[in-house]
Amino acid sequence: MTSPIFSWSIVLQLVIVGFALLLGLLALISIFSKYAPLQVNQADDTPPGSLGWPLVGKTLEYLKPHKSNSTGQFLQEHCSRYGRVFKSHLFGNPTIVSCDLELNTFILQNEGKLFASSYPKSVQSILGKLSMLLVSGEQHRKIRSTAVSHIGTSKSRPDFLRYIDKLSSSLTESWKERKRVPFFKEAKEFTLHVMLKNLLDMEPGDPIAPRILQDFLTFMEGFVSLPLYIPGSPYAKAVKARTRISSTLRVIINERKTRKEGYSRGDFLDEILQKGHLDDEEEVSIVLDLLLAGYETTSGLIALVVYFLAQAPKALQQLKDEHRKLRGNKADGEPLNFEDYKQMEFTMNVINEALRCGNLVKFVHRRALKDVKFREYVIPAGWKVLPVISAPHLDPALHQHPSVFNPWRWEDEATSKKVAPFGGGSRLCPGSDLAKLETAFFLHHFVLTYSWKIKEDECPVSHPYLEFKRGLLLEIEPL
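Sequence order as written defines the numbering, with residues in each chain counted from 1. Predicted model: local features are reported for residues with pLDDT of at least 70 only, side-chain atom pairs are reported and counted for 80 or more only, and whole-chain, interface and lining totals are derived from all residues. Processing note: side-chain calculations cover all non-hydrogen atoms of the structure and skip hydrogens and water entirely.

1. Re the overall build of the protein
To keep things clear, this is the line we draw: The helix count covers DSSP runs of H or I at least four residues long, the strand count covers runs of E at least two residues long, and both are numbered beginning at the N terminus. Here the term buried applies to any residue with accessible area under 20% of the maximum for its type, exposed to any over 50%, and partly exposed to those in between, with areas from a 1.4 Å probe on protein chains only. Contact between two residues is taken to exist if any of their heavy atoms lie within 4.5 Å; hydrogens are not considered.
Looking only at helices and strands, the protein features 16 helices and 13 strands. Split into buried and exposed, the 479 residues of the protein put 51% on the buried side. Here the analysis covers contacts within the protein between residues at least 6 apart in sequence; of these, 71% occur between residues at least 24 apart.

2. With respect to the sheet that holds strand β13 (residues 473-478)
Filter applied, for reference: Here, a strand pair is defined by DSSP locating no fewer than two bridges between the strands. To get an axis, a line is fitted to the C-alpha atoms, and for a helix only the part in contact is used. The angle between two axes follows their N-to-C directions and goes from 0 to 180 degrees.
Taken together, the three strands give an open sheet; going across it, the order is β5-β13-β10, and neighbouring strands pair in antiparallel fashion. At either margin of the open sheet sits one strand with a lone partner, and together these are β5 (180-182) and β10 (450-454). Shown here is a sheet whose adjacent strand axes are inclined to one another by a mean of 35°, direction ignored. Relative to β13, β10 is paired through five bridges, and the arrangement is antiparallel. Each bridged residue has a counterpart across the sheet, and for Ile-454 the counterpart in β13 is Leu-474.

3. Here we look at the UniProt feature "binding site: heme" (unreviewed entry) in the protein
For clarity, the threshold we go by: UniProt positions are given in the numbering used here, feature names are shortened, and annotations may be inferred rather than shown by experiment.
In the numbering adopted here, UniProt assigns the feature "binding site: heme" (unreviewed entry) to Cys-429. With respect to the helices and strands, Cys-429 occurs in the loop between β9 (384-387) and α16 (432-447). On the accessibility criterion, Cys-429 (21% relative accessible area) is partly exposed.

4. Side note on the side chain of His-150
Secondary-structure assignment places His-150 in helix α6 (residues 137-154). Take His-150: its relative accessible area is 2%, and that puts it in the buried class. If near-sequence neighbours (up to four positions away) are discounted, His-150 is found in contact with Arg-157, Asn-198, Asp-267, Phe-268 and Glu-271.

5. Focus on the pattern of salt bridges
To be explicit about the condition: Criterion for a salt bridge: a side-chain nitrogen of Lys or Arg within 4 Å of a carboxyl oxygen of Asp or Glu.
What the rule picks out here adds up to 30 salt bridges. As a salt-bridge pair, Lys-188 and Glu-296 come within 3.1 Å of each other at their nearest N and O atoms. Taken together, the residues Lys-188 in helix α8 (residues 183-200) and Glu-296 in helix α12 (residues 280-309) connect sequence positions 108 residues apart. Glu-296 carries the same exposure label as Lys-188, and that label is buried. For the salt bridge of Arg-256 with Asp-267, the shortest nitrogen-to-oxygen distance reads 2.5 Å. Placement of Arg-256 in helix α10 (residues 234-257) and of Asp-267 in the loop between α10 and α11 (268-275) is noted, with a sequence separation of eleven residues between them. Like Arg-256, the residue Asp-267 is buried in the burial classification. Here the salt bridges do not stand alone but share partners, grouping Arg-180, Lys-453, Lys-455 and Glu-475 into one network.

Below you can see the structure in the form of structure tokens.
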């Protein structure tokens, strides 16, 4: 009789071999697609371009990792050949790709009228059907307005600002005896703890916090991986991690609902439970959305600022001068407040320039609801539309020396009209102002405490979301 262990080992080997063959086949198709004769513009009104091979199209080429302060080889080649607006075949659909500022703005401003959010099924599976990123219409307005209302209030609330200041100070103090810091990892922990406090009144010492952090790390690894649900794959692990996070949140929410009347923590969860306008699934989904966005986006922004400042001594010196002046007007140990934040003018220039150069998010997914005429082109109904929001940030026609980190360019008010790192229209990221505030408070303590340099050859990578392959290892020196 055949051993069960032996049988399963053979099955496992066959699965691995089959998976390897599949990846090899996809790679070959990608190579052949690259060198296959490109389609010329057909006798229609769609933009010029090439749809590539059936099914696979050009998705693998498009998603190839590249430095986030560049548009990458795929877009460079296609824009050079066809212009800033072209057609391709991406994510299993005929697609209009826009690297044009005017068209990107037009798409984002016409959400729900001419275009709709349209993410691949793999993204829907991992985020959940009620994610703010995916829902539309009245449900999107209800969920988003809830988030915007809370964030708008909390970003100037004295007790929350004191908490961010205290956490920033304690984190930087904890590095005093260290020579090296895995910065991206530390930034992720910092931003998650800020959001856990804001949303769930949870302190870093809470035993649930490390478990949530680990699940989020697993979640993000799978979120940017090949979307194949195979046991043990990063994508499969991410789907399970999201299920665990949702279960943890559901337990917390149910405990709050059964608490004694009159007991209030004053956090976001209390707020939505008191209003009672969301159902059980929406409550879990909105908390998960805000945790994810506040954790991932803000940690990426902090890491980008520190990365670019390490290579810009003049900007770093002016930033230090601004924060020394602020600190000089405060008593010893006095925390920052919202009035201090409003005086951080050069800090805002630094943060905005890091967003322009670093590009936290490369593009968003949309679908044309009807035939849309734009200039001389028609975007056919049902086609995918990808506004590449990072492309105008790096366009030499819009920015002088776009690859150079130059915070002083933001002294020209026109710069802000050419940059949209948090999207736009009705889907503008609701937490963008909070992300900037957290970054500014952290920078205040960090730049007044340490000098630093990047230990290894490192750069931010778009995949399609921001990554630091080596975790942004810093060598730090107390001032």
